Every structure is written in structure tokens, then in C-alpha cells.
Amino acid sequence: MSYQQQQATQAGGTVPLWAPYYGAPIGEAARRFFKKYATFTGRASRSEYWWWMLISTVVSLVLNIIMSVAGSAGATVSDSGAVVPGPGAVIGVVLLVIWGLAVIVPSIALLVRRLHDVNFSGWMVLLGLVPVLGGLALFIFTILPSKPEGQRFDVPA
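Quick caveat, the model's predicted, so the values are computed rather than measured. What you see as residue numbers is a count from 1 along each chain, following the sequence as written. In keeping with the model being predicted, local features are shown solely for residues with a pLDDT of at least 70 and side-chain atom pairs are shown and tallied solely at 80 or more, while totals for entire chains, interfaces and linings include all residues. To obtain the side-chain values, all non-hydrogen atoms of the structure were used and water was disregarded.

Oppositely charged side chains are able to pair whenever their charged atoms sit close together. Only one rule defines a salt bridge in this text: a Lys or Arg side-chain nitrogen within 4 Å of an Asp or Glu carboxyl oxygen. Summed over the entire model, instances satisfying the criterion amount to five salt bridges. One salt bridge connects Asp 117 with Arg 114, and the closest N-O pair in it is separated by 2.7 Å. With Asp 117 and Arg 114 both in helix H4 (residues 88–117), this residue pair falls three residues apart, about one helical turn. When its relative accessible area of 0% is taken as the criterion, Arg 114 is described as buried. Among the charged side chains, a salt-bridge network with shared partners connects Arg 43, Arg 114, Asp 117 and Asp 154. Elements are defined by DSSP. Helices are runs of H or I of four residues or more, strands are runs of E of two residues or more, and each kind is numbered from the N terminus. Exposure classes here rest on a 1.4 Å probe applied to the protein chains alone. A residue is buried below 20% of its type maximum, exposed above 50%, and partly exposed in between.

As C-alpha cells, then:
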């Protein structure tokens, strides 16, 4: 447990929501993700960020598989030779859209909090708008270790 974690730990041994949870287990990372749904202040540890990225990737992959399987049932080939997916593909697309809309705001908020933990401004998230290099820069920023200077973004409750 890091120095910052020791200071932030409450009497019951739990880490308050305003503090980053270093070494967070996967379940706690998911709970904190949804509890801090649109919180753009504070910090997020590497474990909080990467556990959520793993969960999000797995859910998206499963939904894509559902869409592909459901779309292949009843698929036809048009006169021009193009494959037309079956009616089940609509269900997969709807599920993917609902998932995407449900997690886009908290995912951006989590990225902003992760950038705060490595002592970058949350506005750096706009680098993601730069094709290829912006996403690569954000990826590198998210794997950097926490910096003590990032405490300036903490807002103790």
C-alpha cells in the first residue's frame, strides 16, 4: 500500500471514493467505475483504469459475437453477391449501441481521472481526437506510474 493510500484509508479499512484505489481488485474497480459515473475530478489508479478496460473489452467482444451469430442466422445473398445479415443482427446492434451509450461518459471520466493521477490535465483527453498518434499518446499516459504531484487533483469529501 502506497503512502497516499495509507493516508486516505478510512477507519473501516476501505478507500474513500475521492481517493485513488491502488491495487484495486476487479470487482471493486467495476463498482467504483459506476459509483463515480460522471465524476471528472480526483484520480484513478492504474488498476482501477485497466480492470475497467478489460471488463469493457470483454463485454464488447461478447456483444459483437452475439451480433455476428444472430446476424448469420437467416442471412441471404443479394443479386449483386453482397451478404445481407439476418434480422437477428438488429438485436446485436441495439445491444452494442445501448452498451456504448451507457459507458461512454463514465469511460471518459475514468480516463480524465487516470490522467490526473499521472499529473496531466484532464483536457489531454482531447488528444484522442488526433488520428493514431493521439490514441497512442493517451495509451502511454495511462500506463505511466502514479505521481505524487497528482494529489493536486484530489477533492476530499
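Moving on, we come to unusual backbone geometry. In this structure, Asn 119 takes a positive phi of about 65° despite not being glycine. Residue position: Asn 119 is located in the loop between H4 and helix H5 (133–143). Its relative accessible area of 22% is what places Asn 119 among the partly exposed residues. Despite not being glycine, Val 132 has its phi angle at roughly 60°, a positive value. Here Val 132 is to be found in the loop between H4 and H5.

What follows is about H4. Here the expected span of a helix is defined as 1.5 Å times the quantity of residues minus one. Taking 1.5 Å per residue, 30 residues should reach 44 Å; H4 reaches 43 Å between its end C-alpha atoms and fits that length. Two axes define the bend at a residue: one fitted to the seven residues ending there, one fitted to the seven starting there, and the bend is the angle between them. For H4, the principal kink sits at Ile 104 and spans about 40°; a proline, Pro 106, occurs within the next four residues.

Only Phe, Tyr and Trp rings take part, Trp by its six-membered ring, and two of them pair if their centres are within 6.5 Å. Stacked means planes under 30 degrees apart, edge-to-face means over 60, and tilted covers everything else. With the rule as written, the count across this model stands at seven aromatic pairs. Between Phe 33 and Phe 34, the aromatic rings sit 5.0 Å apart at their centres with planes inclined by 85°, giving edge-to-face as the arrangement. Residue Phe 34 is classed as partly exposed on the basis of its relative accessible area, which comes to 43%. Each ring, one from Tyr 49 and one from Trp 50, has its centre 5.0 Å from the other, and the planes form 90°; the classification is edge-to-face. Connected via pairs of aromatic rings, a cluster forms that spans Phe 33, Phe 34, Trp 52 and Trp 99.

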